[in-house]
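Letter by letter, the chains look like this.
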2 protein chains.
Amino acid sequence: MAEEKLPTRAENYAEWYNQLVLKSELADYAPVRGCMVVRPYGWALWENITACLDKEFKATGHVNAAFPTLIPMSFFEKEKEHVEGFSPELAVVTHGGGEKLEEPLVVRPTSETIIGYMYSKWVKSWRDLPILIVQWGSVLRWELRTKLFLRTAEFYWHEGHTAHSTAAEAKEEMYRILDIYEKFCREEAAIPVFKGTKSDTERFAGAQVTTSIEAMMWDKRALQSGTSHYFGQNFAKAFEIQYLDKSNNLQFCETTSWAISSRIIGAIIMVHSDDQGLVLPPRIAPIQTVIVPIFRSDAEKSAVMEAADRIFLELKAAGIRVKMDDREEVTPGFKYNDWEMRGVPLRLEIGPKDLEKNSVALARRDKPGREGKIFVPQANLAATVADLLVEIQNSLLAKATAFRDSNIHDPKDMAELANVIQDGWAFSYWCESRECEAKVKEETKATTRNIPFDQPEGEGNCIVCGKPSKRKVFFAKAY
Amino acid sequence: MAEEKLPTRAENYAEWYNQLVLKSELADYAPVRGCMVVRPYGWALWENITACLDKEFKATGHVNAAFPTLIPMSFFEKEKEHVEGFSPELAVVTHGGGEKLEEPLVVRPTSETIIGYMYSKWVKSWRDLPILIVQWGSVLRWELRTKLFLRTAEFYWHEGHTAHSTAAEAKEEMYRILDIYEKFCREEAAIPVFKGTKSDTERFAGAQVTTSIEAMMWDKRALQSGTSHYFGQNFAKAFEIQYLDKSNNLQFCETTSWAISSRIIGAIIMVHSDDQGLVLPPRIAPIQTVIVPIFRSDAEKSAVMEAADRIFLELKAAGIRVKMDDREEVTPGFKYNDWEMRGVPLRLEIGPKDLEKNSVALARRDKPGREGKIFVPQANLAATVADLLVEIQNSLLAKATAFRDSNIHDPKDMAELANVIQDGWAFSYWCESRECEAKVKEETKATTRNIPFDQPEGEGNCIVCGKPSKRKVFFAKAY
């Protein structure tokens, strides 16, 4: 219930975020350290997100499967960088069925190891390749500082794991997935992202190449919103994933993995929402339009509800996710605040005056107040609503893109970089050395986000050491 | 790959089952004791099952959500019967992030406790009721003797958890769900089941009433295929799920829970399949029709593939889940065996002779050999195939129903019961005492399956003690 207002973003952004997640009933704190409960409204949003991605994965030849939640501890020790990366974050099962286990089992923090083990059993010949498997589920990493959706011990995701016969094919897969991620963010979540390569220090534990999509939040911090990794033969060697090629020679596979997690919901919140609450892009909103009927007497009620019910069915038949709010124990004003808090893109109000005029009022969530309220005829209403939802979707993306682009700077030196990074990103030439990266982090708290694929022509000089540099990188404070 | 034949069911039913699951690539053994990997073909089947059920749940007002995988150990101790039932089966996390935990966490074996805890936070007033939440995911019970799909340490399921203001409403919910389960089994899985009430000894740990659906497998053993429980106020009291009623009095909720698990895939296998492999009901089969093009020369190939591709697109456009098997490294005969092993309901063969006659051959999986093979015109093929898939679906249900009904007996005394139970079920009057139930189990190894809702008129005498009894029960050996 949305009786109390949120703090404004300017007042206290972190608290605005936490309260928004709770009040909009997306999620709640769980009675398990660092874990969350994704409430029905949040899960409906996640289901819409997963449906979009699942469709794209299947259209590109991927299939889903399920591997165990528990992984033998020894599996993690087979890939050196992987075990170093994940050891501090593991939750360990030591007892089962009342007895101490001979070998501890780990609640999966990610599944490269156990999936690699199974691939080594399944792959025999070039005919078995590629394997393109996706697993939807949750994983657990023992995070110390947690925040709903953004960083929780258990989180929800898909993890894609593929095995190929050649490096070229595996890399192509890594980029194909990143394209799917970028497209999903742009078209469905209305979030513009940059595709690029992570620096060596920011790579996934065990990967040869990590690519990411990076988005800018309202407070101008960056959020890594999805990653796609190329492992070369690292995991294939650790788990002996081998195949006989067409000349009957035994070869190691080339593998990839990739993921978008429930963290993306954090991005959706922080990119679009405002001081009144959540703002959801229509294409993934659990409820696209809410109908609020307005009446005072029983006579008004009967006339208004008849029209409201007819409109409800008309919108539903047109494929619009519509909800009728016919609660009688709360006022229309309460309902407006309630659905604004939950980010429903469009509110449809209908009362006695509207009946007289054969019209309804439509209020856009993304433009609160008078600016976003219009009166339209009841005739052809489904088409009017559908068009307006498209307009809202496009408007959210345009707004987010303009905001992001106006907050990316091109500082001329370290001093200016340190300055702009307080309230924006820097897009600067960098020599790609760990030393210069570490210096920026130390002096500004900004990390390299990614080296975008889309680069300006020509070369420049490293913003830190001044050496000639071929590529620019995004520096930003990040979640 | 289906190079090797299965043992026949008559030879070795258990081994037939295991090999069928592996060779059809539904699932594989995992490198974690008692766990399985559900392979893409098996998971596609599970996705079709979940889609059917999810649709029904949503149509009846249920919503999905996600609760943590790990549950504090102390939660289990709040409901006495519940902790006694589950304690021996728990997998326990004792370490997290490199440190010993103050309180151990349990990998959920079922989620009544943690969901009950959250409901106690969310429910304040009668306005918040009912809560109708479903969670899709996996749970873990430390089983000693495991069998793929039928009994594995980790298994996949949905668990519904609902809270109501009155006992009548909660019981209505329990029955509503059982109706959904029965309908799903009959209409989608082509499995006839009996709805009924479990005996006190077979009740779920913590429930006041457990209802189930029970199915008969090919070896005439019973499989409990879904359960729906009414808890009364047991969990509401243990977790303080309370609401203010309309008169402002604090009341405890009445709760239910219910589940169908990946075990249902075991039922589908054992009810329909044969010595050649899996037989899947068309409505849930991942592939409904496989096209096998037949050619010897390049000229033949080009003509045949042109027609085959056209037919593929025609079937796909008609909404049929169709697969083209255009592998060239294996023979058509190999492909026939391969798809028979995987239980694809219909095989469409097309070769040069069919082109001449403008026909194709259609081979039914449920009627192997000549009996199930027909030649039909290419004209209007999508409709022919769709009709045949419906006929196969109906035929599987009719066959399973006739088989089941012919193997249910009405023994006149204990001696005859002991005899018929060796190769069938007994449907007998029972006084509903634990003693008589235990005696049947001891002497015949049969347990009570359920007391079906659908009962004959009148009364009878307990098959064990002879006392007047109002209701009949199914006795059977069970998985």
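Residues numbered from 1 in each chain as written. Chains lettered and ligands numbered in written order. Predicted model: local features only at pLDDT ≥ 70, side-chain atom pairs only at ≥ 80, totals over all residues.

Visitor: Quick question: what am I supposed to make of the overall build of chain A here?
Guide: Regarding its fold elements, chain A presents 14 helices and 26 strands. Taken against the 2.2 N^0.38 rule, which gives 23 Å for 479 residues, the C-alpha radius of gyration of chain A at 25 Å falls within 12% of a compact globule. The C-alpha extent of chain A, read off along each of the three principal axes, is 80 × 60 × 45 Å. In chain A, which comprises 479 residues, the proportion classed as buried is 49%. If you take every contact in chain A between residues at least 6 apart in sequence, the share linking residues at least 24 apart comes to 68%. (Helix = DSSP H or I, 4+ residues; strand = E, 2+ residues; numbered from the N terminus. Rg over C-alpha atoms; globule rule 2.2 N^0.38 Å. Buried ≥ 20, exposed ≤ 12 C-beta atoms within 10 Å, placed from the backbone. Contact = placed C-beta atoms within 7 Å.)

Visitor: Would you explain the packing of helix H9 (residues 298-317) of chain A against helix H12 (residues 381-406) of chain A in this entry?
Guide: The angle between the axes and the distance between the axes are what describe a pair of packed helices. Residue and element names in this part refer to chain A. Contact geometry for H9 and H12: axes closest at 9 Å, N-to-C directions at 60°. In terms of orientation, H9 and H12 fall into the oblique class. Here H9 runs over H12; the crossing is right-handed. From H9, Ile 311, Glu 314 and Leu 315 reach across to H12, where they touch Leu 381, Ala 382 and Val 385. Across the contact of H9 with H12, the residue classes tally to five nonpolar, no polar and one charged. (Axes fitted to C-alpha atoms, helices over the stretch in contact; angles between N-to-C directions. Parallel < 35°, antiparallel > 145°, perpendicular 65-115°, else oblique. Left-handed = near helix turned anticlockwise from the far one by under 90°. Nonpolar A, V, L, I, M, F, W, Y, C, P; charged D, E, K, R; others polar.)

Visitor: What is the right way to look at the nonpolar core in this model?
Guide: Ranked by internal contacts, the top residues of the largest apolar core, which has 284 residues, are A:Ile191, A:Phe475, B:Ile191 and B:Phe475. Every residue in contact with B:Ile191, bar those within four places of it in the chain, is listed here: B:Cys185, B:Arg186, B:Ala215, B:Ala267, B:Ile268, B:Val271 and B:Ala400. (Core = buried A, V, L, I, M, F, W, Y, C linked by C-beta atoms within 7 Å.)

Visitor: I keep staring at the confidence of the model for chain A and nothing clicks. Help me out?
Guide: The predicted structure's coordinates, where accompanied by low pLDDT, should not be read in detail. On average, residues of chain A score 96 in pLDDT, and 99% of them reach the 70 mark or higher. What the predictor reports for the complex is a pTM of 0.97 with an ipTM of 0.96. (pLDDT = per-residue confidence, 0-100.)

Visitor: Looking at this structure, how should I read helix H6 (residues 167-187) of chain A?
Guide: What sets the pattern is the α-helix's 3.6 residues per turn: residues three or four places apart point alike. Under the 1.5 Å per step criterion, the end-to-end length of H6(A) is 30 Å for 21 residues, consistent within 8% with the ideal 30 Å. Its buried side turned inward, H6(A) meets helix H2 (40-59), strand S8 (154-164), strand S9 (194-197), strand S10 (209-216), strand S11 (222-232) and strand S14 (254-261) of chain A. (Expected span 1.5 Å × (residues − 1).)

Visitor: Help me understand the relation of the copies chain B and chain A in this model?
Guide: There are two copies of the chain, and a rotation about an axis plus a shift along that axis relates them. Expressed as a screw operation, the relation of chain B to chain A combines 0.0 Å of axial shift with a rotation of 180°, fitting to an RMSD of 0.0 Å. Expressed as a symmetry operation, the mapping of one chain copy onto the other fits a two-fold axis. Taking C-alpha positions as reference, the residue of chain B nearest the rotation axis is B:Val93, located at 2.0 Å. An overlap of 100% is found between the interface residues of chain B and their copies at the interface of chain A, pointing to a shared contact surface. (Least-squares fit on C-alpha atoms with pLDDT ≥ 70 in both.)

Visitor: Where do I start with the interface of chain B and chain A in this structure?
Guide: Note: interface size is frequently given as the accessible area lost on complex formation between the parts. Contacts between chain B and chain A engage 43 residues on the former and 43 residues on the latter. The element best represented in the side of chain B that touches chain A is strand S5 (residues 91-96) of chain B, accounting for six residues. By residue class, the composition of the side of chain B that touches chain A is 28 nonpolar, eight polar and seven charged. The sheet contact formed by strand S5 (residues 91-96) of chain A and S5(B) spans five bridges and is antiparallel. Residue pairing across strands places A:Val92 opposite B:His95, the latter belonging to S5(B). (Pairing = 2+ DSSP bridges.)

Visitor: How should the domain arrangement of chain A be read in this particular structure?
Guide: Residues and elements named next belong to chain A. One can read the domain layout of chain A as domain 1 (13-272), domain 2 (289-391) and domain 3 (408-476). The centre of domain 1, based on its C-alpha atoms, is set 28 Å off from the matching centre of domain 3. Among the secondary structure elements, those contributing two or more residues to the side of domain 1 that touches domain 3 are S9 and S10. If you tally residues by element for the side of domain 1 that touches domain 3, the top one is S9, at four residues. Its residues placed into classes, the side of domain 1 that touches domain 3 shows three nonpolar, five polar and seven charged. (Domains from an automatic or database assignment.)

Visitor: Explain the sheet that holds S9(A) here, please?
Guide: Residues and elements named next belong to chain A. Read across the open sheet, the eight strands follow the order S3-S7-S8-S14-S11-S10-S9-S23; overall the sheet is mixed. Of all the strands in the sheet, the pair left with one neighbour each is strand S3 (63-64) and strand S23 (451-452). On top of the sheet, helix H5 (residues 112-122) reaches strand S7 (131-140), S8 and S14; it is set at about 30° to S8, its chief contact.

Visitor: Would you mind going over the sheet that holds strand S9 (residues 194-197) of chain B with me for this structure?
Guide: Residue and element names in this part refer to chain B. One open sheet holds the eight strands; their spatial order is S3-S7-S8-S14-S11-S10-S9-S23, and the pairing between them is mixed. The strands lining the two open edges of the sheet, one partner per strand, are strand S3 (63-64) and strand S23 (451-452). Pairing of strand S7 (residues 131-140) with strand S8 (residues 154-164), which is carried by ten bridges, proceeds in the antiparallel orientation. Looking at the pairing, Gly 137 lines up with Trp 157 of S8. Each of S7, S8 and strand S14 (254-261) touches helix H5 (residues 112-122); the most contacted strand, S8, lies at about 30° to it. Contacting S8, strand S10 (209-216), strand S11 (222-232) and S14, helix H8 (residues 263-272) runs over the sheet at an angle of about 145° to S11.

Visitor: Explain helix H6 (residues 167-188) of chain B here, please?
Guide: All names here are of chain B. Over its 22 residues, H6 runs 31 Å from end to end, which matches the ideal 32 Å to within 8%, given 1.5 Å per residue. Here H6 has its buried residues at Ala 170, Glu 173, Met 174, Ile 177, Leu 178, Ile 180, Tyr 181, Phe 184, Cys 185 and Glu 188. With its buried residues spanning 150° around the axis, H6 presents them on a single face. Buried residues in H6 make contact with helix H2 (40-59), S8, S9, S10, S11 and S14. Of the residues one or two after H6, Ala 190 is the one with positive phi, at around 55°. (Arc of directions from axis to C-beta.)

Visitor: What is the right way to read the environment of B:Met270 from this model?
Guide: All names here are of chain B. Looking at the secondary structure, you find Met 270 in helix H8. Here Met 270 falls in the buried class, since 24 other C-beta atoms lie within 10 Å of it. With 78 residues separating them in the primary sequence, Met 270 and Pro 192 have C-alpha atoms 13 Å apart. The contact partners of Met 270, leaving out residues within four places of it in the chain, are Tyr 17, Met 217 and Trp 218.

Visitor: In this structure, what is going on with the environment of A:Trp16? I would like to understand it.
Guide: All names here are of chain A. Relative to the assigned elements, Trp 16 resides in helix H1 (residues 13-23). Take Trp 16: there are 23 C-beta atoms within 10 Å of it, and that puts it in the buried class. Taking the C-alpha atoms as reference, Trp 16 lies 7.8 Å from Asp 275; in sequence the two are 259 residues apart. In this structure, Trp 16 is in contact with Leu 6, Pro 7, Thr 8 and Arg 9, ignoring residues within four places of it in sequence.

Visitor: Any chance you could explain the pairing of strand S6 (residues 99-107) of chain B here in plain terms?
Guide: One face of the sheet, then the other: side chains in a regular strand alternate in exactly this way. Residues and elements named next belong to chain B. Relative to S6, strand S4 (residues 70-72) runs antiparallel, the two being bridged by three bridges. In the sheet register, Leu 70 faces S6, and the bridge partner there is Val 107. Pairing of S5 with S6 involves four bridges; the strand directions are antiparallel. By the bridge assignment for S6, Val 93 is matched with Leu 105.

Visitor: Sorry, what's going on with the pairing of S10(A) here?
Guide: Residues and elements named next belong to chain A. Summarising burial for S10: seven of the eight residues are buried, a large majority. Bridge analysis of S9 against S10 gives four bridges, and the strand direction is antiparallel. Note that in S10 the partner of Thr 197 across the bridge is Thr 211. The hairpin turn running from S10 into S11, its antiparallel successor, is five residues long, and Lys 220 in that turn takes a positive phi close to 70°.

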